[in-house]
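Notes for the structure review
Chain by chain, the residues run as shown.
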Amino acid sequence: MRRTALAALCLAAAATVSLTGCLPGEDKADKADKADTAATAAARPKGPFAGLTGGEIADRSVDATSNASSLRMKGDLLDDDGSRIVLDMALDKKGRCAGTMSANGEGEAELMMTGDTLYMKYDEKFLRAQDKDAPQEETDGVVAMLAGKWTKMSATGSDAKDITGFCDLDTVLADFEDVDSDATRGKTATVDGTPAIVLSEKDGKDAATLYVATEGKPYLLKVVSKSAKEPATISFSDFDTPVPAETPKGKVIDLDALGG
């Protein structure tokens, strides 16, 4: 479940700058420059990103976001099996991550990865939701042993691989590469106090709204996907901010040792 949740987050973010259109090549641009008139020049977009199309703004946003050394992603989306996933994750390009996740409002898991170790802490509700089909006595034992306590496992082990791949920002943003967009410009807005321009994309019945920062670097601040199958709201913040992933203090349960 954790893997599909993070994968969906990645795909939903990438889908906001879809391949539904492409920017004109150099030859077309040269012809457009020669044919440009004072009237068409006056009609070019003004305000933030003056003279740029929505697609050009989206592409700049993809570049800026992809080049961030770290960021924070908060998401509310559906995964492949229809579960509602809520995520709040900070991650960087050094494989460090820290955050929380929940599914269908059934408890919460906290996770951190630093170095070669993945740390996780689950609340009782989360643990019971994962063991719904297990005998009551067995579930009670798991809850008594793990609820509210930090655990650890090797980040290179088979039990951790479904998560650790998405603790690396380069991996999560891999689908951002070589993306062109035909987004259209909209009004200005603010996202958590940051001025932004609103862009819109549509592909058949699916639609997405993008919010791109108009001050500083043109980071992608928020995405709202209205896909019938994969609706999602995802926000990005804390660009180039150190990820708060540190070794938990106190007793930590070694799951690898228990499994051995």
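Worth saying up front: this structure is predicted, and the values here are computed from it rather than measured.

A word on the nonpolar core
- Within the largest apolar cluster, 56 residues are counted, with the highest numbers of intra-cluster contacts made by Leu71, Leu91, Leu199 and Phe236.
- By residue number, the principal contributor to this core is strand S9 (residues 206-213), which donates 5 residues.
- Residues contacting leucine 71, with those up to four places away along its chain left out, are Thr65, Met89, Ala90, Leu91, Leu169, Leu173, Phe236, Ser237, Asp238 and Phe239.

Re helix H6 (residues 136-146)
- Turning to H6, its buried residues number three or more, namely Thr139, Val143 and Leu146. Seen along its axis, H6 keeps its buried residues to an arc of 90°; they face one direction. Those residues of H6 that are exposed and aimed more than 90 degrees away from the buried face are Glu137 and Ala144.
- Tucked inside the fold, the buried residues of H6 contact strand S5 (117-122), helix H5 (124-130), strand S6 (150-154), strand S12 (253-254) and helix H9 (255-259).
- Note on H6: the residue one or two positions beyond its end, glycine 148, has a positive phi of about 75°.

Some thoughts on the confidence of the model for the chain
- For the chain, the average pLDDT comes to 79, and 79% of its residues sit at 70 or higher.
- In the model, residues 1-42 has pLDDT below 50 throughout and makes 73 contacts with residues more than four positions away in sequence or in other chains.

Quick notes on the side chain of aspartate 92
- Secondary-structure assignment places aspartate 92 in strand S2 (residues 84-92).
- Note on aspartate 92: relative accessible area 8%, which makes it buried.
- A distance of 2.9 Å separates a polar side-chain atom of aspartate 92 from the backbone nitrogen of lysine 94.
- Excluding residues within four positions of it along the chain, aspartate 92 makes contact with Ser69, Ser70, Cys167, Asp168, Leu169 and Val243.

Some thoughts on unusual backbone geometry
- The backbone of aspartate 192 shows a phi angle near 55°, a positive value even though the residue is not glycine.
- Mapping aspartate 192 onto the fold places it in the loop between strand S7 (184-191) and strand S8 (194-203).
- Assessed through its relative accessible area of 75%, aspartate 192 is described here as exposed.
- Here the phi dihedral of aspartate 238 falls at roughly 50°; this positive angle occurs in a residue that is not glycine.

Concerning a negative patch on the surface
- Together, Asp182, Asp203, Asp206 and Glu230 make up a region of like negative charge exposed at the surface.
- Take aspartate 203: it is sitting in strand S8.

What counts and what doesn't
- Residues numbered from 1 in each chain as written.
- Predicted model: local features only at pLDDT ≥ 70, side-chain atom pairs only at ≥ 80, totals over all residues.
- Heavy atoms only, no water.
- Core = buried A, V, L, I, M, F, W, Y, C linked by side-chain atoms within 4.5 Å.
- Buried < 20%, exposed > 50% of the residue type's maximum accessible area, 1.4 Å probe, protein only.
- Helix = DSSP H or I, 4+ residues; strand = E, 2+ residues; numbered from the N terminus.
- Contact = heavy atoms within 4.5 Å.
- Arc of directions from axis to C-beta.
- pLDDT = per-residue confidence, 0-100.
- Polar contact = N/O pair within 3.5 Å; in protein donor to acceptor, adjacent residues only side chain to side chain.
- Patch = residues over 30% accessible without salt bridge, like charges linked within 9 Å, V, L, I, M, F, W, Y side chains within 5 Å.
- Areas by Shrake-Rupley, 256 points an atom, 1.4 Å probe, with all protein chains shown as cover.
- Salt bridge = Lys/Arg side-chain N within 4 Å of Asp/Glu carboxyl O.
- Lys, Arg positive; Asp, Glu negative; His and termini not counted.
- Charge placed at Lys NZ, Arg CZ, Asp CG, Glu CD.

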